[in-house]
Amino acid sequence: MTSNALSRIFSALADPTRRDMVARLSAGDATVNQLAEPYQLTLQAIYKHLKVLEDAGVVSRPPGPQPRTVRLEAEVFDLMDKWIERYRRQAEERYRRLDAVLARMNDETGNDSQEQKGSVA
Amino acid sequence: MNTIAETTIEADPKVPVIRMSRDFNATPEQLFRAHTDPELFARWIGPSGMQTRVVEWDARTGGSWRYVSTRDGQEYGFRGCFHEVRPDRIVQTFTWEGQPDEVALGTLWFEDLGNGRTRLHTQSLTDSFEGRDAWLASGMKVGVDEGYAKLEEMLANGTV
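Below: a short report on this structure. (Residues numbered from 1 in each chain as written. Chains lettered and ligands numbered in written order. Predicted model: local features only at pLDDT ≥ 70, side-chain atom pairs only at ≥ 80, totals over all residues.)

Each helix and strand in chain B was counted, giving 4 helices and 8 strands. Starting at the N terminus and ending at the C terminus, chain B contains elements arranged as β-β-α-α-β-β-β-β-β-β-α-α. Within chain B, buried positions represent 28% of all 160 residues. (Helix = DSSP H or I, 4+ residues; strand = E, 2+ residues; numbered from the N terminus. Buried ≥ 20, exposed ≤ 12 C-beta atoms within 10 Å, placed from the backbone.)

Okay, the interface of chain B and chain A next. Each partner contributes to the interface: chain B provides 35 residues, whereas chain A provides 30 residues. Mapped onto the side of chain B that touches chain A, the elements with two or more residues apiece are β1 (8–11), β2 (17–24), α1 (28–36), α2 (38–44), α3 (129–137) and α4 (144–156) of chain B. Here the element with the most residues in the side of chain B that touches chain A is α3(B); it accounts for 6 residues. Grouping the amino acids of the side of chain B that touches chain A by side-chain chemistry returns 21 nonpolar, 8 polar and 6 charged. (Contact = placed C-beta atoms within 7 Å. Nonpolar A, V, L, I, M, F, W, Y, C, P; charged D, E, K, R; others polar.)

Looking now at the nonpolar core. A:Trp83, A:Leu98, A:Leu102, B:Phe24, B:Leu31, B:Ala34 and B:Leu136 are the most contacted members of the largest nonpolar core, which has 22 residues in total. Breaking this core down by element, the ones donating at least two residues are α5 (74–120) of chain A together with β2, α1 and α3 of chain B. In terms of residue count, the dominant contributor to this core is α5(A) (8 residues). For B:Leu31, the contacting residues outside a window of four places in its chain are B:Phe24, B:Ala26, B:Phe110, B:Thr118 and B:Leu120. In this structure, A:Leu13, A:Leu53, A:Val59 and B:Phe129 belong to the second largest nonpolar core, which totals 15 residues. (Core = buried A, V, L, I, M, F, W, Y, C linked by C-beta atoms within 7 Å.)

Structure representation (structure tokens):
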């Protein structure tokens, strides 16, 4: 069940048009017509994309006066940010280990050149 | 000692790519060695809490590599090819053996900043956004269980 929810988010965001819609919604809510504007797509196709995003819980269309606006579910977006930040932190941890390896390499070459100086003197 | 800015990351919205960069107090030659000498490489590649054993390592253009990371008796194998190995640039494929059909293309290059400092640039290209995002979400594939536990919690308590 939970991994289904996760795969739905992944596949919802796998499509470039839907990614673009999500990026635009991050700037603010929009009506379906506003969302459809930049694309060479029928309104029907736009609704289809929206349905995928809605089913995945990425966007919602809260009930209200017509035309209803589409809203980004901020939690899902935050989740993406968290994934990226965690990935970055793991890389940073890895690179700190690399710092240590490089520092030791520096020490070794440092000692080598000191020894050389010593032998010259 | 110079302070080093932390790793920067970018998940490209147009192509399924993850880009990162990080500065090091080292020369490009040293960074190259740390990436191509199997003994040095195994010391830092991690992930943390795991032991990495390099099984196969031919860091030359056209060569191949394989290493196994172990945690709590569980083994995770990774392998790929060295497509191009040059002093300033390494291009290689990367596969987690648990998902052999998903092959990422990694490019890394070393930018000499002078005064013994080098900026490491890395770029990983996956074959789909779905794959890229799953990759990001799991941290590093290996961390799937650990990473998903938190996510499952969020899904379960309705945060997502």
